[in-house]
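# Topology and contacts: notes
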Amino acid sequence: PIVQNGFAPDLLRVAFDSSGGSGIIAGGVRRAAVNSLVALSVNYGARVVLRRQGALRLSVDLLQSEEFYLRKAGGTLACNLCLHPKNKHEAVHSPLLRQMLKSTTPPKPGEEDDVALAIAALCADHAYLKYLVSPAMTAAMLSIIKHGSREACRHAAWALASLASHRPRERSLLVPEA
């Protein structure tokens, strides 16, 4: 109800505002809006509405933040959105996927768990494997396995197992590197 009645677009507008405004107050307001959106994204039905209203783009923006809390919240928001089947197509074909791969190479302590789960959730859907099998994906998952937390390693292993089940058709993936 809150998401459908137009409250979420206002939160998204505040969450996207990285201008800094008047310092501590503006930063606190942005963090509160982001926290509210992350809390809303826990609701399974709200995930699709949030995606339609621009939450995937916000996740990208947050993952690029200089602030640890915002990067972590961006990973959690991305994770919650990617766990919904109706959001996977857009997530795979949006800048979010590239940003998640970038954010995990190498993984940053305390930030990688939710991003790794988001990627694993995308890889678990066989309809999207042909878009996900890539050297960049493999490098990101191996980076998590080598440097990530125990939980992130589990998610990365799940993603790699799903990727391994897909037979690549691109010549560049079939020919070993020199």
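Above: the structure in question.
Let us now look at the nonpolar core. Core analysis: the largest hydrophobic core is formed by 49 residues, its most contacted members being Met-100, Ile-119, Leu-132 and Met-137. Contact partners of Ile-119, with chain neighbours within four places excluded, come to Met-100, Leu-101, Met-137, Met-141 and Ala-159.

To continue, consider helix α11 (residues 150–164). An α-helical turn contains 3.6 residues, so a residue and the one three or four places further along point in the same direction. With 15 residues, α11 ought to run about 21 Å at 1.5 Å a step, and its terminal C-alpha atoms sit 21 Å apart, in line with that. Among the residues making up α11, those that are buried are Ala-152, Cys-153, His-155, Ala-156, Ala-159, Ser-162 and Leu-163. Buried residues in α11 make contact with α8 (112–123), α9 (129–132) and α10 (135–147).

Per the counting criterion, the structure on display carries 1 cavity of 30 Å³ or more. Estimated volume of the largest cavity: approximately 40 Å³. Around the largest cavity, the lining residues are Leu-63, Arg-71, Ser-103, Thr-104, Glu-111, Glu-112 and Val-115.

All right, on to the side chain of Lys-88 then. Structurally, the position occupied by Lys-88 is in helix α6 (residues 88–92). The buried charged residue Lys-88 lacks any salt bridge, with Asp-125 as its nearest oppositely charged partner at 4.3 Å. Beyond its immediate sequence surroundings of up to four residues, Lys-88 is in contact with Cys-82, Leu-83, Ala-121, Leu-122, Asp-125 and Tyr-128.

What counts, and where the lines are drawn
- Residues numbered from 1 in each chain as written.
- Predicted model: local features only at pLDDT ≥ 70, side-chain atom pairs only at ≥ 80, totals over all residues.
- Heavy atoms only, no water.
- Core = buried A, V, L, I, M, F, W, Y, C linked by side-chain atoms within 4.5 Å.
- Buried < 20%, exposed > 50% of the residue type's maximum accessible area, 1.4 Å probe, protein only.
- Contact = heavy atoms within 4.5 Å.
- Helix = DSSP H or I, 4+ residues; strand = E, 2+ residues; numbered from the N terminus.
- Expected span 1.5 Å × (residues − 1).
- 1 Å grid on protein atoms, 1.4 Å probe; cavity = no way out; pocket = protein on both sides within 12 Å on 5 of 7 lines; lining within 4 Å.
- Points joined across faces, edges and corners; volume = space filled by probe spheres on them.
- Lys, Arg positive; Asp, Glu negative; His and termini not counted.
- Salt bridge = Lys/Arg side-chain N within 4 Å of Asp/Glu carboxyl O.

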